[in-house]
Amino acid sequence: MFLRPSDPDPLQHAHYRIRQRPDGSPWVLGVGGMGLTYRAEDERLRVDVALKVIHPSRISDPDSHRLLVREARAAARIAHPNVAPVVYLHDEPGRMFYAMELVEGISLQTWLRQHGRPSPAQALGFAEQIAAGLGAIHQQHLIHRDLKPPNLMVVEFPPTHPRARSLTASGGCLLKIIDFGLARAIRHGTTTNASVDDAAPTLGFRGTAAYASPEQCQEAEDLDGRTDLYSLGCILWEMLAGRPPFVGRNLREILNQHTNDEPPWSDLAALPAAVLEPLRGLLAKSPADRYPDAVSAAEALAAARVTAAGLECPIVPALPPLTTLTATPRAASASRRSRRGGPVWIALVGAAIVAIGLGAGWWLRAPRSAPAPTDAAASTEKSIAVLPFRNLSDARENSFFAEGMQDDILTRLAQIRDLRVIARSSLQAYRAESGAPRDLAAIGAALGVTHLVEGSVRREAGRVVISVAVVEVRGQRQIWAGRFDRALADVFAVQDEIAGQIAEQIQARLGTGERAAMASRPTENLAAYDLYLQAKELLAAWQQMPDPNAVLLQAARLLNEATAQDPKFTLAFCLLSEVHVSLYWNGSDRTPARLALCTAALEAAERLQPQRGEVRLARGLFLYWGRRDFAAARVEFAAATNVLPNSEAAFRWLGLIDRRLGRWDDAITHLDRALALDPRSPSAVRSLHLTYRFQRRWDEALRVLDRAAASGLVLETLTLDRAEIPLLRDADPAPLVQARAQLARTYDPNSLITLGRILAALHARDPVAAAARLSESADAEFTDPNLFAFPRSWFEGWIARLRGDSDAAAQAFRTAREVTLAALRQAPEAPKRLAVLAQLDALLGQRDAALAGAQRSVDLVPLGRDAIDGPELLEMQARTSALAGENAAALDLIERLLAIPGDLCYGSLRLDPVWDGLRAEPRFLAALAGQQTGGSSRGK
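What counts and what doesn't
Residues numbered from 1 in each chain as written. Predicted model: local features only at pLDDT ≥ 70, side-chain atom pairs only at ≥ 80, totals over all residues. Heavy atoms only, no water. Helix = DSSP H or I, 4+ residues; strand = E, 2+ residues; numbered from the N terminus. Buried < 20%, exposed > 50% of the residue type's maximum accessible area, 1.4 Å probe, protein only. Contact = heavy atoms within 4.5 Å. Areas by Shrake-Rupley, 256 points an atom, 1.4 Å probe, with all protein chains shown as cover. Pairing = 2+ DSSP bridges. Phe/Tyr/Trp six-rings, centres within 6.5 Å; stacked < 30°, edge-to-face > 60°. Lys NZ or Arg CZ within 6 Å of the ring centre and 35° of its normal. Core = buried A, V, L, I, M, F, W, Y, C linked by side-chain atoms within 4.5 Å. Axes fitted to C-alpha atoms, helices over the stretch in contact; angles between N-to-C directions. Parallel < 35°, antiparallel > 145°, perpendicular 65-115°, else oblique. Left-handed = near helix turned anticlockwise from the far one by under 90°. Disulfide = S-S within 2.5 Å. Polar contact = N/O pair within 3.5 Å; in protein donor to acceptor, adjacent residues only side chain to side chain. Expected span 1.5 Å × (residues − 1). pLDDT = per-residue confidence, 0-100. Nonpolar A, V, L, I, M, F, W, Y, C, P; charged D, E, K, R; others polar. Salt bridge = Lys/Arg side-chain N within 4 Å of Asp/Glu carboxyl O.

Enquirer: Got a minute to help me understand the overall build of the protein chain in this structure?
Expert: Within the protein chain, the secondary structure is distributed over 35 helices and 22 strands. Per-residue burial over the protein chain gives 59% buried out of 940 residues. A separation of at least 24 residues holds for 66% of the contacts in the protein chain among residues at least 6 apart in sequence. Accessible surface, the protein chain: about 36300 Å² in total, of which carbon and sulfur atoms supply 52%.

Enquirer: Before we go on, may I ask you to explain the pairing of strand β19 (residues 463–472) in this structure?
Expert: Looking along a regular strand, one sees the side chains alternate between the two faces of the sheet. Within β19, 7 of the 10 residues are buried, leaving the element largely enclosed by the surrounding structure. Here strand β18 (residues 451–460) folds back onto β19, and the loop between the two strands holds 2 residues, one of which, A461, carries a positive phi near 50°. By the bridge criterion, 10 bridges tie β19 to strand β20 (residues 477–487) in an arrangement that is antiparallel. Opposite V470, over in β20, you have W480 as the bridge partner. Taking the residues between adjacent antiparallel strands as the criterion, β19 and β20 are bridged by 4 residues, where Q476 takes a positive phi near 50°.

Enquirer: Even after reading the chapter, I still don't get the packing of aromatic side chains, so can you show me in this structure?
Expert: What describes a pair of aromatic rings is the distance from one ring centre to the other and the angle between the planes of the rings. This model, assessed by the stated rule, comprises 20 aromatic pairs. Ring centres of W237 and W265 lie 5.1 Å apart, and the angle between their planes is 65°; this geometry places the pair in the edge-to-face category. Of this pair, W237 sits in helix α6 (residues 226–241) while W265 is found in the loop between α7 (251–260) and α8 (273–282), placing the two residues 28 residues apart along the sequence. Each member of the pair W237 and W265 is classed as buried. Here the aromatic cluster, defined as three or more aromatic residues joined through ring pairs, consists of W585, Y624, W625, F630, F637 and W653. The positively charged end of R280 is found above the aromatic ring belonging to W265, 4.1 Å away from the centroid. Note that R652 overlies the ring of W653, its terminal NZ or CZ placed 5.1 Å from the centroid.

Enquirer: Help me understand the sheet that holds strand β10 (residues 152–156), please; the structure alone is not making it clear to me.
Expert: Within a sheet, each strand pairs with its neighbour through backbone hydrogen bonds, oriented either parallel or antiparallel. In space, the 3 strands of this open sheet follow the order β8-β10-β11, with antiparallel pairing throughout. Only two strands of the sheet have a single neighbouring strand rather than two, namely β8 (106–107) and β11 (173–177). Inspection of the sheet shows β8 paired to β10 by 2 bridges, in the antiparallel sense. Residue pairing across strands places S107 opposite M153, the latter belonging to β10.

Enquirer: So what exactly am I meant to see when it comes to the nonpolar core here?
Expert: The nonpolar side chains of a soluble globular protein tend to be buried, and buried together. Judged by nonpolar contacts, the single largest core of 72 residues is most densely connected at L108, L134, L232, L236 and L279. Counting residues in hydrophobic clusters, the runner-up holds 67 residues, among them A402, L447, L452 and I498.

Enquirer: Can you help me understand unusual backbone geometry in this one?
Expert: Most peptide bonds are trans, and most residues other than glycine sit at a negative phi. At A14, a position not held by glycine, the phi torsion is positive, near 55°. The residue A14 is located in the loop between β1 (12–13) and β2 (16–18) in this model. Of the residues examined, A14 reaches a relative accessible area of 39% and is grouped as partly exposed. Look at R696: it is not a glycine, yet its phi comes out positive at around 60°. Among the structural elements, R696 can be located in the loop between α22 (682–694) and α23 (698–710).

Enquirer: How should I be thinking about the packing of α22 against α23 in this particular structure?
Expert: Angle between the axes and distance between the axes: these two values describe a pair of packed helices. Between α22 and α23, whose axes approach to 7 Å, the crossing angle comes to 165°. The orientation of α22 with respect to α23, classified from their angle, is roughly antiparallel. With respect to the hand of their crossing, α22 and α23 are arranged in left-handed fashion. Within the contact between the two elements, α22 uses V685, L688, H689, Y692 and R693 and α23 uses W698, E700, A701, V704, L705, R707 and A708.

Enquirer: Which parts of the structure should I look at to understand the state of the cysteines?
Expert: Each disulfide consists of one covalent bond between the sulfur atoms belonging to two cysteines. Under the criterion given, the structure shown has 0 disulfides. The thiol of C217 is not disulfide-bonded; the next cysteine sulfur, from C234, is found 8.7 Å away.

Enquirer: Would you mind showing me how to read the side chain of Q495 here?
Expert: Within the secondary structure, Q495 sits in helix α12 (residues 491–505). Among the polar contacts made by the side chain of Q495, one reaches the side chain of R412 at a distance of 3.2 Å.

Enquirer: How should helix α17 (residues 592–608) be read in this particular structure?
Expert: The periodicity of an α-helix, 3.6 residues per turn, causes residues three or four positions apart to be oriented the same way. An ideal rise of 1.5 Å per residue puts 24 Å on 17 residues; α17 measures up with 24 Å between its terminal C-alpha atoms. Buried within α17 we find R594, L595, C598, T599, A601, L602, A604 and A605. Buried residues along α17 sit against α15 (548–565), α16 (570–585) and α18 (613–626).

Enquirer: In this structure, what is going on with the environment of R619? I would like to understand it.
Expert: With respect to the helices, strands and loops of the structure, R619 is situated in helix α18. For the pair R619 and C574, spaced 45 residues apart in sequence, the C-alpha separation works out to 8.4 Å. In contact with R619, other than residues within four places in its own chain, are L602, E606, P610 and E636. Of the polar contacts made by the side chain of R619, one reaches the backbone oxygen of P610; its length is 3.1 Å.

Enquirer: What's the story with the confidence of the model for the protein chain in this structure? I'm lost.
Expert: Caution applies to low-pLDDT regions: their predicted coordinates should not be interpreted in detail. The pLDDT averaged across the protein chain works out to 80; a share of 82% of its residues lies at or above 70. Scored below 50 in pLDDT, residues 320–380 makes 195 contacts in the model with residues more than four places away or belonging to other chains.

Enquirer: Looking at this structure, how should I read the environment of L671?
Expert: Mapped onto the elements, L671 comes out in helix α21 (residues 664–677). Judged by its relative accessible area of 1%, L671 is buried. C-alpha separation for the pair L671 and A650, spaced 21 residues apart in sequence, amounts to 9.7 Å. Non-local contacts of L671, meaning those with residues more than four positions away in its chain, are made with F651, R652, G655, L656, S687, L688 and T691.

Enquirer: For this particular structure, what's the right way to read the packing of α18 against helix α20 (residues 648–660)?
Expert: At a closest axis distance of 11 Å, the pairing of α18 and α20 adopts a crossing angle of 30°. Accordingly, the angle class assigned to the pair α18 and α20 is roughly parallel. As for how α18 packs across α20, the hand of that crossing is left-handed. Touching L617, L621, Y624 and W625 of α18 are A649, A650, W653, L656, I657 and R660, all from α20. In terms of residue class, the contact of α18 with α20 is built from 9 nonpolar, no polar and 1 charged.

Enquirer: Just to check I follow, could you spell out the pattern of salt bridges for this structure?
Expert: Note that side chains of opposite charge can pair when their charged atoms are close. The final tally for this structure, using the stated rule, is 55 salt bridges. Here R463 ties to D485 by a salt bridge, and the two come within 3.1 Å at their closest N and O atoms. With R463 in strand β19 and D485 in strand β20, the pair connects residues that are 22 residues apart, well separated along the chain. Exposure remark for R463: the relative accessible area of 39% places this residue in the partly exposed category. Among the residues examined, D485 registers a relative accessible area of 37% and is labelled partly exposed. Put simply, K832 and E872 hold a salt bridge, and the shortest N to O gap is 3.2 Å. A residue pair is termed long-range when its members are at least 10 positions apart, and K832 in helix α30 (residues 831–843) and E872 in helix α32 (residues 869–883) qualify at 40 residues. Look at E872 and you get buried, because its relative accessible area is 8%. Via salt bridges that share partners, R19, R39, E41, R46, D48 and E104 belong to a single interconnected network.

Here it is in structure tokens:
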């Protein structure tokens, strides 16, 4: 939650009081880009309302103020039964919120999941109500711009209710339009109160791809109400067919289909022409060919509804899985069944949603089935990999220049939405010395691309000679080659020319904006450019270096020199900001001074080019790692994916933020896209693998590792990830024990292998083996993968406890407690340290202190704020309760944790000695049985 503990009464907002759930937590209705929406009571009128409260981190941001006020004013101008109105705005500094009608219903998206497709007549009745609401919106010279099922509420009245009689055409359901976060004034013709649009500049595509009009997809400025009518057509199509008219693997595919392709009318061929006529009038590509206004659309929908009486929905053919897709304009996964067995209508539209407004909190729903991962090798989309260029210069230190040439040409191609461009990190394994041939067929198959680019660079005496060739993978045919001998000062023009030639040869479509982006130069200063390339070369694998902090500091020095040479070098400032926030995040320099350096570099980039994709990416990382403001970071990463359609980093960070926010389906969509762009990236592989694992979708987690192996990626951590699945899923430690024993002889850059071997011995109740494993390390503290830090004496205490030596165990736990307390004196509010301290208090018999400490750690990072750390801390609270003998409380928490994504699973419950006090409890046995038979590998 975003309530601030420093407020006198965080539940009170003017004359509105936020209601609490039975467990005492604030009643959250949804999460938006700027804050949370709560259920609250209007204490004057004694009615409940929906209260949207701005995030405390944005309370001093003027742009956020304007956005919230603009959204409230837009909604307040509409008075119509099919639109939820705003009834109060509080815009005083320090606490900003507005109150709107509380719609006692569910979103249309949820309604469709629960009920399935409505009959054609009911679907047309729903659409008729939406059109009526749009008519009221457009009458105020506003357009909604983000009409979609999540932004439509359904109130279902029983047949005996008086309202039901007036809603028979819609099956007793009333629909209301909500969320005016993207609404704006119509910019041509008569406009009123244009200030509604003051804070809403269009920064790339805005809206939701599956429901966006062609003019929205083309980022047109002169939108009018007909753009909302197109969105209504997409929603009506989804109600009739079970999916929107256009679905695809990524944002680019969907936008292109809206712009260029006809809807698949054959899917609805079973419906009479009179029923399809409104759809044709709503879904016309040109606004001029659509209904002129919402009133005309509502009349046509009403007429079609009469014809549709008694009709059944047509049977719509299932789409093929992504792994077998060819170049069809409607590439998407088939309709899936939810974990509870009901139908789920899911489009792969999460690739760049920037909408601000209401959204269902992840804790309010069970995880849904998500799209299957894309098999890049089987895809026939236009795709390309720019292999590392050979350095033919006499000076071998010029290798960084050859790498930079490859990277810059790749970066220019990556601006093209019509291409999938493989990230550089997946290409470094294919470096070749001069003259050494590459197996292009094998490389193309491993990367899943249609084309490869090879090249060489010779730099000397102020000139550069570049040779480039484009090869079609399928036929091993060279389709273009060029040689460029130019002055070094012309290097950027050459890069632009080469990228343009490559795009032309593989027939990639370029928009005007993409041509301009490709032609832009990073800097005019070649000395600064050299320093920037050297820094990028250092950073390519800094996390794998023996001393990563030294690498980061050296890169910072190079980038400081580069920005001193060219104070307008935006990309260098972006990279410098990322270096500083990395030093802050990894703990080597978690000081305000380091964060200030990051802020200074970021602000310099923002002054130069605030909307550049790389700037949005750097800003997102600062908000994520530096400020832990997930909602604000998501806005930046989503914006970056719009501008950088082939940025693995943008999609991966967006997926990781979605994971933190509990948006699990969106996380998988974005992380899957990141992996398609960077198939040999350990970060991309593990991010997607762990996302499936958190959801206990074991088979899909294994398939991600199989996909990485098929690309040729071999990594020790992935070996461990694969071996962990039998332990987590089946409580079978043998594969992991074997893998750790093997890797302990060849790979131990940190203490994770040793820690794992100690835990395995403790799980096996073998104190002798645990002591032997502990003696193999001299570490004073062990940090687990979730960043909980355990002193060495913690393990000494557990070893003594398993031996039955209670005195030695108590002494070790007291030592561990002192070590943990000393760390907490440096950071008193560190939730993970507090969680460890709470368990130590429980082990030492300090029940009250243990329970209070565990609760404090959970309060610092509640579930609603962080869907990764929140469940981890809740599990630590369950462990503390179990160790303190509070079995009922521990079981309550276990049952709660097993209902949401997280680490707790069958293997942990079955093996970990921390649960020994619960093993006779019927509820614990039932939880074990449910996990043993309910894992996704067993059919879920």
